[in-house]
Amino acid sequence: MAFENKGSVETDTEFHKVRATAMQQFENVGFPTKKIEDWKYTSLKELWKNEYSLFPELPKHELELSEVDTYFLKGIDSYKIVFVNGVFSSYLSETSHDGLDICLLSTAINKLKYKIIREHFFNRIASKTEGLTSLNTAFASEGVFIHIPKNTVLQKPIQIFYFTTECKKDVLLQPRNLIIVDENSQVQIVERHHSLSDKKILNNTVTEIFANKRAHIDYYKIQNDNKNASLIDSTFVEQKKQSEVSVTTFSLGGELTRNNLSFYQNGAHANSILNGITMLDGTQHVDNQTNVYHQQPNCESHELYKGIYDGQSTGVFNGKVFVDQVAQKTNAYQQNDNILLTDDTTINSKPQLEIFADDVACSHGCTIGQLDKDALFYMRQRGIPEKEAKALLLYAFTNEVVKNIKIPVLKSRITRIISEKLGVDLGIDL
Amino acid sequence: MTKQNNKQDQTPFPLGRVGDGLLSIKNLHANIGDKEILKGIDLNIKAGEVHAIMGPNGSGKTTLSSVIAGREDYEVTKGSIRLDGTNLLELAPEDRAHKGIFMSFQYPVAIPGVTVTNFIKTAINAKRKAEGKEDMPAAELLKMIREKAKLIGIDRSFLSRSLNDGFSGGEKKRNEIFQMAMLEPKMAILDETDSGLDIDALKTVANGVNKLRSKDNAVIVITHYQRLLEYIVPDFVHVLSDGKIVKTGGKELALELEAKGYEWIK
């Protein structure tokens with residue numbers, strides 16, 4: 001398979017080289033197959049049966065706010081960056097260059113003043129070997145560029161949306177995000193992909209996040225797409241000294257979702273938090289691959305993934321933790337809990353710890369089970385009908401993750417989505 | 001005294017004859033798997049009464065309470081349980097609760113993320129919904145919560161904690177009695193409510209139960225020891241052994257059991 005790089009907008013020859021190298025790499029390795037260990041339980045075969053167009057049509061009309069308003073978080077001031085079929089929608093967006101940059105990656109790539117950023121950050125931590133990330137590097141034409149200068153605590157969260165609409169063909173989109181948060185700065189980001197089309201949509205997204213000293217980033221990914229939409233998300237995070245980065249992934253819908261999440265701790269006393277809720281039914285599939293590279297002493301990582309599987313849905317959790325020889329006093333915790341609601345669901349859960357330092361505290365745990373019968377009986381004894389009792393238990397199961405959401409309107413949004421999925425009005429003040 | 005005689009002791013017990021009470025259990029047999037646990041229980045409880053059921057481990061005490069509450073692990077093979085004339089055996093646990101059955105659990109379950117207040121609100125409104133009523137107005141609910149919390153002697157901060165999550169033994173049991181106070185059951189079954197409680201916690205829980213007693217409701221106290229019965233004084237004491245009630249008497253029977261153990265009664 002050969003692709004021609006029609007999508008690029010940059011003129012920089014250095015940059016062009018990065019693209020060309022990535023293209024070459026993709027041609028060498030191709031798409032991942034189940035023969036690769038990390039892809040053992042996720043097959044992309046079905047997806048490649050779709051005839052994806054790499055260059056989606058432009059929407060015939062500007063997407064109206066009323067069509068997508070429901071997806072926005074409301075009741076708060078926020079920055080918004082909205083893309084429709086891969087193209088920036090200035091009409092739906094609220095960007096900023098006022099002391100900070102919340103704008104388009106193409107702007108950053110094309111403007112001279114961002115040359116340093118481009119050279120120092122673009123494609124630095126993204127995988128140079130993996131096929132899909134290479135494909136994105138070669139083809140990505142648009143995405144988000146966020147640069148928060150030092151000592152800036154952003155009061156408003158940033159909402160990033162990738163919508164797909166009115167396509168005649170199946171579409172493969174390749175958004176690319178670059179996020180740089182300088183010393184002592186703080187930001188909250190919510191990213192969501194949503195297809196309004198009935199065609200097969202595949203997003204192959206790559207995000208690079210750089211957290212400088214004492215930076216604080218909370219990143220939320222809402223994956224609640226329609227049944228024809230699939231997502232391959234590769235997110236790479238580099239952390240400097242005393243920074244704290246959390247990535248919370250809500251995988252609540254979509255045909256196939258693959259999350260590759262990698263943290264590189266390149267400064268002492270860094271803290272990485274990886275949380276996830278997966279809640280599936282039908283034949284949906286979600287694969288969470290996490291990699292935490294402890295490369296400096298006195299760092300922490302906290303990982304908690306909760307999964308609820310209904311229908312014939314399938315899930316994968318593969319949590320890798322690497323502790324380098326120099327990373328003494330590392331605290332690394334990993335937990336993956338799963339509830340299977342039917343006999344036809346499958347979860348493959350695999351912790352993978354590679355520890356080369358001798359003074360560390362690392363733990364991992366995995367549970368796979370059904371709803372607790374004693375708890376169900378307890379609630380029914382108090383008069384709560386079986387369906388509500390199950391819903392309440394499942395809600396409680398997810399709550400350990402939900403309660404840590406730091407944006408209140410997002411917390412209630414996620415709770416609402418969960419209670420809708422459970423088919424009940426939980427009727428409780430949340 | 002022989003086993004035969006014990007059975008005869010039971011027969012003259014008047015309640016069985018004077019029509020059906022609030023709760024009427026007749027010839028109840030129940031299995032778990034292939035094993036028969038309850039082997040013909042007869043029990044008649046009138047409104048306003050407190051009945052204690054005592055017996056050694058494995059005699060079927062918890063099975064009896066679970067079967068009344070509708071736990072699905074048990075299969076009722078014979079007999080009947082009626083509450084105010086309604087056949088409970090045909091009802092799901094939640095429907096039995098709506099009719100007025102309440103069981104205080106020996107091991108209450110923790111539900112992280114759901115506060116005591118939210119849980120009780122969900123339970124109350126589920127019952128009201130089953131009765132075709134609207135949700136209880138928030139102000140009314142809060143007022144009721146305040147009153148009952150005061151009655152049971154629980155702190156307001158307790159109400160905003162996750163249900164039974166990290167509760168001490170005493171807190172769990174007190175929370176059970178608080179829920180009982182809120183749900184106002186006709187027939188409350190306290191299953192080993194005294195287990196794991198120190199004497200102060202025991203008194204608090206017993207006090208709560210006593211305050212909730214009325215001429216319209218009844219209480220079954222299931223216990224291994226006589227201790228709790230010093231504070232919740234029963235009208236009748238039944239001794240359960242090998243799935244049957246082998247002896248029935250007044251509150252003095254509990255003392256006798258305490259003094260002599262269960263062996264003499266078998």
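Thresholds, definitions, all that
Residues numbered from 1 in each chain as written. Chains lettered and ligands numbered in written order. Predicted model: local features only at pLDDT ≥ 70, side-chain atom pairs only at ≥ 80, totals over all residues. Heavy atoms only, no water. Helix = DSSP H or I, 4+ residues; strand = E, 2+ residues; numbered from the N terminus. Rg over C-alpha atoms; globule rule 2.2 N^0.38 Å. Buried < 20%, exposed > 50% of the residue type's maximum accessible area, 1.4 Å probe, protein only. Contact = heavy atoms within 4.5 Å. Lys, Arg positive; Asp, Glu negative; His and termini not counted. Charge placed at Lys NZ, Arg CZ, Asp CG, Glu CD. Polar contact = N/O pair within 3.5 Å; in protein donor to acceptor, adjacent residues only side chain to side chain. Buried area = accessible area lost by both parts, 1.4 Å probe. Salt bridge = Lys/Arg side-chain N within 4 Å of Asp/Glu carboxyl O. Nonpolar A, V, L, I, M, F, W, Y, C, P; charged D, E, K, R; others polar. Pairing = 2+ DSSP bridges. Axes fitted to C-alpha atoms, helices over the stretch in contact; angles between N-to-C directions. Patch = residues over 30% accessible without salt bridge, like charges linked within 9 Å, V, L, I, M, F, W, Y side chains within 5 Å. Areas by Shrake-Rupley, 256 points an atom, 1.4 Å probe, with all protein chains shown as cover. Phe/Tyr/Trp six-rings, centres within 6.5 Å; stacked < 30°, edge-to-face > 60°.

### Here we look at the overall build of chain A
Within chain A, the secondary structure is distributed over nine helices and 21 strands. A compact globule built from 430 residues should have a C-alpha radius of gyration of about 22 Å, and chain A, at 21 Å, falls within 12% of that. When each of the 430 residues of chain A is scored for burial, the buried share is 60%. When contacts within chain A are restricted to residue pairs at least 6 apart in sequence, long-range pairs at least 24 apart make up 83% of them. Within chain A, the 54 negative side-chain charges are centred at a point lying 1 Å from the centre of the 47 positive side-chain charges.

### Things to note about the side chain of Gln239 of chain A
Residue and element names in this part refer to chain A. One can find Gln239 in strand β12 (residues 229-239). Within the structure, the side chain of Gln239 is placed 3.1 Å from the side chain of Ser243, a separation counted as a polar contact. When sequence neighbours within four positions are dropped, the list of residues in contact with Gln239 reads Ala211, Glu244, Val245, Phe263, Tyr264, Gln265, Asn266, Gly267, Ala270, Asn271 and Ser272.

### Observations concerning the interface of chain A and chain B
The partner chain B presents 33 residues to the 21 residues of chain A that form the contact. Here chain A packs against chain B, burying approximately 2300 Å² in sum over the two surfaces, 60% of which is carbon and sulfur. Among the residues chain A hides against chain B, the three largest losses belong to Phe377, Tyr378 and Arg382 of chain A. Together they make up 33% of the total. Across the chain A-chain B interface, the total number found is five salt bridges. The partner of Arg380 of chain A in a salt bridge is Glu72 of chain B, and the shortest N-O contact between them spans 3.3 Å. Remark: the boundary between chain A and chain B carries 13 residue pairs in polar contact (both at pLDDT 80 or more). Only α7 (373-381) and α8 (386-402) of chain A provide two or more residues apiece to the side of chain A that touches chain B. Of the residues assigned to the side of chain A that touches chain B, the class counts are eleven nonpolar, four polar and six charged.

### Notes on the sheet that holds strand β12 (residues 244-249) of chain B
All names here are of chain B. The mixed open sheet is built from six strands, whose spatial order is β6-β9-β10-β3-β11-β12. Each edge of the sheet is formed by a strand with only one pairing partner; in this case those strands are β6 (101-104) and β12. Each neighbouring strand pair of the sheet contributes to a mean axis angle of 20 degrees, computed without reference to strand direction. Examined bridge by bridge, strand β3 (residues 50-54) and strand β11 (residues 236-241) share four bridges and lie parallel to one another. Residue pairing across strands places Ile53 opposite His238, the latter belonging to β11. Where helix α9 (residues 252-260) meets the sheet, it contacts β3, β11 and β12, and its direction lies at approximately 40 degrees from that of β11.

### Things to note about helix α6 (residues 131-139) of chain A
All names here are of chain A. The buried fraction of α6 is high, at nine of nine residues. Of the residues making up α6, those classed as buried are Gly131, Leu132, Thr133, Ser134, Leu135, Asn136, Thr137, Ala138 and Phe139. Buried residues along α6 sit against α1 (13-29), α2 (45-48), β7 (170-173), β8 (176-181), β10 (201-211) and β12. Among the residues of α6, the N-terminal cap falls to Glu130, whose side-chain oxygen and the backbone nitrogen of Leu132 are separated by 3.3 Å.

### Description of a positive patch on the surface
Taken together, the side chains of Lys150, Lys213, Lys240 and Lys241 of chain A define a basic patch exposed on the protein surface. Take Lys240 of chain A: it is sitting in the loop between β12 and β13 (244-253).

### Section: unusual backbone geometry
Residues and elements named next belong to chain A. We note that Asn151 has phi near 55 degrees; this positive angle belongs to a residue other than glycine. By secondary structure assignment, the location of Asn151 is in the loop between β5 (144-148) and β6 (158-164). One non-glycine residue, Asn184, lies in positive phi territory at about 60 degrees. Along the polypeptide, Asn184 turns up in the loop between β8 and β9 (186-195). A relative accessible area of 27% means that Asn184 is categorised as partly exposed.

### Considering the pairing of strand β2 (residues 79-84) of chain A
Residue and element names in this part refer to chain A. Along β2, six of the six residues are buried, which leaves the element largely enclosed by surrounding structure. Along β2, one buried face is formed by Tyr79, Ile81 and Phe83 and the opposite face, lined by Lys80, Val82 and Val84, is buried too. Looking at chain direction, β2 and β6 are connected through six bridges and run parallel. Residue Ile81 lies in a different strand from β6, and its bridge partner there is Ile160. Relative to strand β3 (residues 87-88), β2 is paired through two bridges, and the arrangement is antiparallel. Across the sheet, the residue bridging to Phe83 is Phe88, located in β3. Hairpin remark: β2 followed by β3, antiparallel, with two residues in the connecting loop; positive phi at Asn85, about 50 degrees.

### Focus on the packing of aromatic side chains
All names here are of chain A. Inspection of every chain in the model, using the stated rule, returns 17 aromatic pairs over all chains. Their ring planes at 85 degrees and their centres at 4.7 Å tell us that Phe72 and Phe161 sit as a pair that is edge-to-face. Placement of the pair is Phe72 in the loop between α3 (65-68) and β2 and Phe161 in strand β6, with a sequence separation of 89 residues. Taking the relative accessible area as the measure of exposure, Phe72 reaches 2% and is therefore buried.

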